[in-house]
Amino acid sequence: MESVDPEVNSDYYLELSDNPVRFDPHNTRTDVFFDDSKQQVFAVSLGNVMVKGPDQNLSFRMENKKPVLSIKFSPDMSILAIQRTMSSVEFANFSPESGLDKVEYSQSRKGKNACIYGFTWTHGYEILLVTDHGVELFQVIPEKHMVKALKSLSLEAHWFVYCRQSNLVLLPCGSLGNQMQVVHVTPKNLLKLPKFEMEASSVKPGKLAVSERDIALAVLYGIPRIIMLRHQPGVNRSSGTAFVYVYTIHKMMTIQKTHILKLDTSGRFAINIVDNLIIVHHQASKTSMIFDIMLPGVSDGTVIHHTHVAVPKPIKPYILPTIESSSSELSAEPCQLYSPNWVVFQPNIVIDAILGCFWYIQLRLEALVNLITDKVLLIEFLMQRKDAKNVLVQVLQNLMMEMPVTLMDMPTIFGKLNAVYRSHLENEIQSQMGTPLQNNMKCPTTVSESLTHKMLLDQSDMYSHVLSKFNEDKIQPKMLVWILLEYIRSLVEHGIPVQHYLYELLITTLVRRKAYYQLHQLLQYHVVTDSKPLACLLLSLENLYPAALQLALDMLKRLGNAHEEIIEVLLSKKHILPALRYVRSVGMADQASARKFLEAAKASDDPVIFHSVFKFFEQRNMRLHNTMTFTRGEHCQTYVQHFKQLFHGSDYHCNSDTDSNMSTVSS
């Protein structure tokens, strides 16, 4: 497909797939059929059959009998089912190598006066026939060339719609066709769900209350739904009061009208489903509307009313490549969008049988970013899209670049992101341990269904793709500090442990802008969670902020498991006697390395300190080994010689200053 001017492109949030499935168009000699379960197009012409689909391209011959009414392959493509009359369906075994088996077998409807509306393959070799007298489930046995009855339900029906994803069949019953019966097709069985009734307004004599083309069965956010186009009861169709009703099927047990979509226009519509969005095409205006039932709406207590997410827009212009028959050269011509020849199938298929094209409707998220002005709504919308992570990250970056304009939105946005994050952590822990995550925060302990289909953006993603991407040229440091604090607050509020790299980014940002007082306050009041990596970071900042040393030591001490690190820091800063006092205070005097302390004392060039340290360890030796002599394994002979050189023998008597230092160590 040729591209259109990018300035024009930016306004379209829907497009047709680049490479349509091309097939022989419908004409006087060729009939076209579509199997929406397998997404295959059959072009049948005088016994020649061509099958086209995303993954299929085959042709074969069959007997040129009566006109074909419907034709479909079994799920594994080994049986071809053909309906030529309203009374039976024929079967023929098929293989790609040999084509159709010459031996055919068939199945007639049970009731003598019943008319077969159509059929659909369900589970494996099971096939469902739908008649005006009910539904009949059969098992096809290809090796025996026979069909076996499994289950049937008697009910009056006017037409049917089948959803392969949920294995549900919808049948309108009653004289007006406004009583809806849903049947769940399970392996070898049929289960009737409770009936529900629709308003039968302005029904002309001889017509049904609900038309087949106004119904779509779909699975939205993992739940089966019935989507029904309706006009307000008692109002003329030209008055602009069209609605879409969404009925939700709860656990295959109850059916309830849960959502109403306001179209604000009248005329002919068609419905597609794209990425859990309901797309409503309006032929008269040649525009489409998108609705997301997971976005907030206006509730009347039982039903939530929604308006379209963005203003109605046409599908992006499409240029269809064509082949000139005379020269076999490729040319291009604009494709007529919203053509009267278009037929839509679920979930996101558009077929033009006259043109011989089969497309998928696709979403263009980048265009919607500019059309959804409410930033919180935009974030929530993107979180519910399947492949929107890159777009979501870009939007978050842009929002932070626009600070402080977007200041008020960020807490709400972080809350939505972290509610999903929390939900993901709960799922993860429950799957691993079988127990719920302990929660003393405001977040609910049970995982909400509304969160299960939202995109996860954890703190690693936020750090790597958003928060760490900014420098002072792009965003004011004080704004970045505010964003970091707000994001950390949101994590804590949702009971999510904050990773140390977020605190590191916060601390380095504060240091860069010389906000030392603010840094001191955050650490003093434990806004920043203690950790060894953060303590090491504070130590590295001592040259810029001298008080960072004491902050780091305090943090290490609070951790309770960083005694070795504290000793190393004190020794590296030549605080030798305080290091000895700390060793004594935490009960590590018996394990401390005499050699390490004596080496540090010798390097200090202070005889008084060396004497104090030496005597400290001599006293330890006496307590542990009943002798002041150092053991061979301690490798302290060098320091014994140094002591003798300094003090002319081991019988040296301390002066008052030395005694004072020793008493300080011993205290």
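Here we summarise the structure given alongside this text. (Residues numbered from 1 in each chain as written. Predicted model: local features only at pLDDT ≥ 70, side-chain atom pairs only at ≥ 80, totals over all residues. Heavy atoms only, no water.)

In this section: helix 3 (residues 375-383). With seven of nine residues buried, helix 3 lies mostly within the body of the structure. Looking only at helix 3, the buried set comprises Val376, Leu378, Ile379, Glu380, Phe381, Leu382 and Met383. Buried positions along helix 3 lie against strand 25 (277-282), strand 26 (287-291), helix 2 (365-371), helix 4 (389-401) and helix 5 (410-433). (Buried < 20%, exposed > 50% of the residue type's maximum accessible area, 1.4 Å probe, protein only. Helix = DSSP H or I, 4+ residues; strand = E, 2+ residues; numbered from the N terminus. Contact = heavy atoms within 4.5 Å.)

The next point concerns the packing of helix 15 (residues 607-625) against helix 16 (residues 637-647). Interaxial distance between helix 15 and helix 16 falls to 11 Å at its minimum, and their mutual angle equals 130 degrees. Considering the angle they form, helix 15 stands oblique to helix 16. Every pair of crossing elements has a handedness; the one defined by helix 15 and helix 16 is left-handed. Every residue of helix 16 that contacts helix 15 at Pro607, Phe610, His611, Phe614 and Lys615 is listed here: Tyr639, Val640, His642, Phe643, Leu646 and Phe647. Split into classes, the residues belonging to the contact of helix 15 with helix 16 amount to eight nonpolar, two polar and one charged. (Axes fitted to C-alpha atoms, helices over the stretch in contact; angles between N-to-C directions. Parallel < 35°, antiparallel > 145°, perpendicular 65-115°, else oblique. Left-handed = near helix turned anticlockwise from the far one by under 90°. Nonpolar A, V, L, I, M, F, W, Y, C, P; charged D, E, K, R; others polar.)

Next up on the list: the sheet that holds strand 10 (residues 99-108). Pairing is antiparallel across the open sheet formed by four strands, whose spatial order is 7-8-9-10. In this open sheet, the two strands that pair with only one neighbour each are strand 7 (70-73) and strand 10. Direction aside, the axes of adjacent strands within the sheet are offset by 20 degrees on average. Where strand 8 (residues 79-83) lies against strand 9 (residues 88-95), four bridges are found, and the strand directions are antiparallel. For Ala81, the partnering residue across the bridge sits in strand 9 and is Phe91. (Pairing = 2+ DSSP bridges.)

So, about the pattern of salt bridges. Within the structure shown, the criterion is met by 22 salt bridges. Between Lys65 and Glu104 there is a salt bridge whose closest N-O contact spans 2.8 Å. With Lys65 in the loop between strand 6 (57-61) and strand 7 and Glu104 in strand 10, this residue pair connects regions lying 39 residues apart in the sequence. Judged by relative accessible area, Glu104 falls into the partly exposed class, the value being 30%. Of the charged contacts in the structure, one is a salt bridge between Lys532 and Glu565, with a shortest N-O distance of 3.2 Å. Residue Lys532 is found in helix 10 (residues 532-540), and its partner Glu565 is found in helix 12 (residues 563-572); the two are separated by 33 residues along the sequence. Given the relative accessible area of 29%, Lys532 is considered partly exposed. Take Glu565: its relative accessible area is 31%, and that puts it in the partly exposed class. A single salt-bridge network, built from bridges that share partners, covers Glu15, Lys316 and Arg364. (Salt bridge = Lys/Arg side-chain N within 4 Å of Asp/Glu carboxyl O.)

To continue, consider the packing of helix 4 against helix 6 (residues 459-466). Interhelical geometry of helix 4 versus helix 6 gives an angle of 65 degrees and a closest axis separation of 10 Å. Relative to helix 6, helix 4 is oriented so that their crossing is right-handed. Touching Lys389, Val393, Leu396, Gln397 and Met400 of helix 4 are Asp461, Met462, His465 and Val466, all from helix 6. Here the residues of the contact of helix 4 with helix 6 sort into five nonpolar, two polar and two charged.

Scanning all chains against the criterion turns up 22 aromatic pairs. Plain terms: the ring middles of Phe60 and Phe73 are 6.0 Å apart, the flat faces sit at 65 degrees to each other, and that makes the pair edge-to-face. One end of the pair, Phe60, is in strand 6; the other, Phe73, is in strand 7, with 13 residues separating them in the sequence. Note on accessibility: Phe60 and Phe73 belong to one class, buried. (Phe/Tyr/Trp six-rings, centres within 6.5 Å; stacked < 30°, edge-to-face > 60°.)

Now for the environment of Val219. Structurally, Val219 is set in strand 20 (residues 215-220). Looking at Val219, the relative accessible area reads 15%, which means it is buried. Sequence separation between Val219 and Thr248 is 29 residues; the distance between their C-alpha atoms is 9.5 Å. Once you skip the residues sitting within four places of it in the chain, Val219 turns out to touch Gln165, Ser166, Pro224 and Asn276.

Here the focus is the side chain of Arg225. Tracing the backbone shows Arg225 in strand 21 (residues 223-231). A polar contact of 2.8 Å, which involves the side chain of Arg225, links it to the side chain of Thr248. Excluding residues within four positions of it along the chain, Arg225 makes contact with Ala216, Leu217, Ala218, Leu220, Val246, Tyr247, Thr248, His259 and Ile293. (Polar contact = N/O pair within 3.5 Å; in protein donor to acceptor, adjacent residues only side chain to side chain.)

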